[in-house]
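What follows is each chain in one-letter form.
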2 protein chains.
Amino acid sequence: MTNNHTLLIIAHGSRKASSNDEVIAVVSKVKERLKENYFSVDAVFLELATPSIEDGIKSSVAKGATTIVFLPYFLSVGRHVSSDIPEIIKNQQELYPDITFRVLHHLGSEEGILSLLSDMALEGLE
Amino acid sequence: MTNNHTLLIIAHGSRKASSNDEVIAVVSKVKERLKENYFSVDAVFLELATPSIEDGIKSSVAKGATTIVFLPYFLSVGRHVSSDIPEIIKNQQELYPDITFRVLHHLGSEEGILSLLSDMALEGLE
């Protein structure tokens, strides 16, 4: 273990197992890319699937994390991004006052999404 | 008009107007980037918001589109991506047999999403 950081990518969760598996597959590839920077990278789900955010935090702490970074895998700010996720994380921070929690902005607000959409659209004309 | 292509970015749609506005803002920026390639780029919504996919197609055709490219702004394949959207587009294609319809894969399956998530996660450690 070269660092004490874990990354939890928070997805909504679906009743459809293949949808959750798709998120888990994306997260596995991100984990591979970040192995020098995060000793653990996991998908966690707000609802309808497991592990929950709370489970992910518990497991990170058990593995020795001192910093947990949260990345909301959401395209826009609904109630989940604006209230539900911050509330869960706030409550969890109170349970683990010695762990540093950092919440990133949600995926949809990332500038890079514009290039990604533009590139896809250009491929559509080829 | 330098071309006859329109791009319709298909989002789920939300009861929360600010969520839909956020999508529309992203799409406006993509439109600006693609102005040499698509004479029109619009957000359309599967449900809960307008314009609908059908409205977007109707408006594209009225503006003189000969090719309409569809980009599903979804992170994973649920019923919407696998059934609902293809069904609407298939029905619409029958109404407009002379227009070329192209459906791109959904955003979540784009390889570039991995770099985007990795970059965000690295910023979280700075």
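Conventions we followed
Residues numbered from 1 in each chain as written. Chains lettered and ligands numbered in written order. Predicted model: local features only at pLDDT ≥ 70, side-chain atom pairs only at ≥ 80, totals over all residues. Heavy atoms only, no water. Helix = DSSP H or I, 4+ residues; strand = E, 2+ residues; numbered from the N terminus. Buried < 20%, exposed > 50% of the residue type's maximum accessible area, 1.4 Å probe, protein only. Contact = heavy atoms within 4.5 Å. Pairing = 2+ DSSP bridges. Axes fitted to C-alpha atoms, helices over the stretch in contact; angles between N-to-C directions. Least-squares fit on C-alpha atoms with pLDDT ≥ 70 in both. Left-handed = near helix turned anticlockwise from the far one by under 90°. Nonpolar A, V, L, I, M, F, W, Y, C, P; charged D, E, K, R; others polar. Salt bridge = Lys/Arg side-chain N within 4 Å of Asp/Glu carboxyl O.

### Digging into the side chain of A:S60
All names here are of chain A.
Step number 1: Along the chain, S60 turns up in helix α2 (residues 53-62).
Step number 2: By relative accessible area, which is 1% here, S60 ends up buried.
Step number 3: Among all residues touching S60, those that are not within four sequence positions of it are T6, L8, F39, A65 and I68.

### Let's talk about the sheet that holds strand β4 (residues 100-103) of chain A
Residues and elements named next belong to chain A.
Step number 1: The strand order across the open sheet built from four strands is β2-β1-β3-β4, with neighbouring strands paired in parallel fashion. Every interior strand has two partners, whereas the edge strands, β2 (40-45) and β4, have only one. The average angle at which neighbouring strand axes cross in this sheet is 20°, direction not considered.
Step number 2: Judged from the four bridges that link them, strand β3 (residues 67-72) and β4 form a sheet pairing that is parallel.

### Observations concerning the relation of the copies chain B and chain A
Step number 1: With an RMSD of 0.0 Å, the fit of chain B onto chain A corresponds to turning through 180° and sliding 0.0 Å along the axis. Classification of the inter-copy transformation places it as that of a two-fold axis.
Step number 2: Here 100% of the contact residues of chain B are again contact residues in chain A; the copies associate through an equivalent surface.

### A word on the packing of α2(A) against helix α3 (residues 79-95) of chain A
Residue and element names in this part refer to chain A.
Step number 1: Contact pair α2 / α3: the axes reach a minimum separation of 10 Å and the direction vectors enclose 35°. Once α2 is placed against α3, the crossing between them reads as right-handed. Residue-level contacts link I53, E54 and I57 of α2 to I85, I88 and Q92 of α3.
Step number 2: For the contact of α2 with α3, the per-class residue count stands at four nonpolar, one polar and one charged.

### Re the pattern of salt bridges
Step number 1: Scanning all chains against the criterion turns up ten salt bridges over all chains.
Step number 2: Put simply, A:R79 and A:D84 hold a salt bridge, and the shortest N to O gap is 2.9 Å.
Step number 3: A salt bridge links A:E111 to B:R33; the nearest nitrogen and oxygen atoms lie 3.9 Å apart. Placement of A:E111 in the loop between β4 and α4 (112-123) and of B:R33 in helix α1 (residues 17-33) is noted, with the two residues assigned to different chains.
Step number 4: Exposure remark for B:R33: the relative accessible area of 40% places this residue in the partly exposed category.

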